[in-house]
Amino acid sequence: MGFFEHLEEFRKRLIVSLIAIFAAFLVCWNWAPQIFEFLAAPVRKVLPPGQNLSYTTLTEPFLMYFRVALFAGMILASPVILSQLWLFVAPALYRREKRYVVPFVVAGAFFFLCGCAFGYYEAFPLVVGFLVGVGKNFNAVITINEYLGTAIKIILGLGLCFEMPILIFFLARMGVVSERWLLAKFKYAVLAIFIIAAIITPTPDVATQCVFAVPMILLYLLGIAVAWMFKKRDEAA
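Now for the overall build of the protein chain. When helices and strands are counted, the protein chain shows 10 helices and 0 strands. Reading the protein chain from its N terminus to its C terminus gives the helix and strand order α-α-α-α-α-α-α-α-α-α. The principal-axis extent of the C-alpha atoms belonging to the protein chain is close to 70 × 40 × 25 Å. For the protein chain, the proportion of its 237 residues judged to be buried stands at 41%.

And the structure:
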C-alpha cells in the first residue's frame, strides 16, 4: 500500500472506531449518574460523614456526566477499537499471522479491562485515601470534575499501560524487538516505567508510585516471554 492508501485505511478505521464510541456513549449516557456513583465510591468511603463532592458552576454537572458517558463508552467500545487497530496493521502481516485476529482482540480487551479494574479497585482508592488523609485537618471542597479527571487519568492510564504485552507482540512479529534486546534494555525500561508511573500518579510518594510501577514491570517481563514465543523467524526455521 502507498502512503495515501495508508491514510485512507487509517481514516476508515478511525471513523468506524468513532462510530462505535459514539454508539457506546449514547448507551452510557442513560446510566451516567449510576456510573459516576460507582466511580465516586472510593472517595465517599474516606470523606467525613455528611460531606459530599461539590461543583462551582451551573454547567459543571452536565459536563461531568458527559465526560463520564464518554469515558465509559470508550471502555465499552474497546473491543471494536482493537479490532479496527488489527485491521489497520493486518496488511503488514503474513497470511498465517492474520489468524491471530481473534486472540488479539480478546487478549487486548482482557488486558485493557484488567488494567482498568486494577486502577479502580487497587490504585485509585489508595491515591484517594492518601490525599484525603493528608488534608484531614482542613475542610475538603472536592469538585466533581476535578475528581473525575483524576479517576479517568488513573483508570484509563493503567488500562493503556496493561496493553504492553500486546504492543511487544506486534513489535516482535515485525522484527523490531527481540527477547534478548528487551532483556538487555530492562534497566532502562524500569526507569521509563517509573517515569510513566510518576506521571499517572498524582502523589509524589514512592510507595504509591510502586503500586503503579510493579504491575507494569511484571507486564514487561510477560512481554519478554511473548516476544520469545512469537518472535519473527526466517522461512527455514
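Picking up where we left off.
A volume near 750 Å³ is recorded for the largest pocket. For the largest pocket, the lining is made up of 31 residues, of which Leu160, Glu163, Met164, Ile166 and Leu167 are closest to its centre. For the lining of the largest pocket, the secondary-structure elements that each account for two or more residues are α3 (60-76), α4 (78-89), α5 (101-134), α6 (144-161), α7 (164-173), α8 (179-184), α9 (186-200) and α10 (206-229). If one sorts the elements of the lining of the largest pocket by residue count, α7 sits on top with 6 residues.

Its 15 residues place the ends of helix α2 (residues 32-46) 23 Å apart at the C-alpha level, agreeing with the 21 Å of an ideal helix rising 1.5 Å per residue. By the largest-angle criterion, Ala40 marks the main kink of α2, which is about 45°, and a proline, Pro42, follows within four residues. Those residues of α2 that sit buried are Ala32, Phe36, Leu39, Ala40, Pro42 and Val43.

In this section: α3. The end-to-end C-alpha distance of α3, which contains 17 residues, comes to 24 Å, matching closely the 24 Å that a straight helix rising 1.5 Å per residue would cover. Along α3, the positions that sit buried rather than exposed are Glu60, Pro61, Met64, Val68, Ala69, Phe71, Ala72, Gly73 and Ile75.

Examined against the element boundaries, Ala90 turns out to sit in the loop between α4 and α5. Look at Ala90 and you get buried, because its relative accessible area is 10%. Considered as a pair, Ala90 and Val101 are 11 residues apart in the sequence and their alpha carbons are 8.7 Å apart.

The tally for this structure, following the rule as stated, stands at 11 aromatic pairs. For the ring pair Phe10 and Phe88, a centre distance of 5.8 Å and an interplane angle of 70° mean the geometry is edge-to-face. You can see Phe10 sitting in helix α1 (residues 3-29) and its partner Phe88 sitting in helix α4, a full 78 residues away along the chain. Measuring from ring centre to ring centre gives 4.3 Å for Phe38 and Tyr120, while their planes differ by 20°; the resulting arrangement is stacked. On the criterion of sequence distance, the pair formed by Phe38 in helix α2 and Tyr120 in helix α5 is long-range, its members being 82 residues apart. Ring-pair connections join several aromatic residues into one group, and the members of that group are Phe25, Trp29, Phe62 and Phe66.

What follows deals with the state of the cysteines. Counted under the stated rule, the structure contains 0 disulfides. Here Cys116 stays free of any disulfide, with the sulfur of Cys114 as its closest cysteine sulfur at 9.4 Å. Assessed through its relative accessible area of 6%, Cys116 is described here as buried. No disulfide involves Cys210; its nearest neighbouring cysteine sulfur is the one of Cys161, lying 15 Å away. We classify Cys210 as partly exposed; its relative accessible area is 26%.

The rules behind the values
- Residues numbered from 1 in each chain as written.
- Predicted model: local features only at pLDDT ≥ 70, side-chain atom pairs only at ≥ 80, totals over all residues.
- Heavy atoms only, no water.
- Helix = DSSP H or I, 4+ residues; strand = E, 2+ residues; numbered from the N terminus.
- Buried < 20%, exposed > 50% of the residue type's maximum accessible area, 1.4 Å probe, protein only.
- 1 Å grid on protein atoms, 1.4 Å probe; cavity = no way out; pocket = protein on both sides within 12 Å on 5 of 7 lines; lining within 4 Å.
- Points joined across faces, edges and corners; volume = space filled by probe spheres on them.
- Expected span 1.5 Å × (residues − 1).
- Bend = angle between axes of the 7 residues up to and from the residue.
- Phe/Tyr/Trp six-rings, centres within 6.5 Å; stacked < 30°, edge-to-face > 60°.
- Disulfide = S-S within 2.5 Å.

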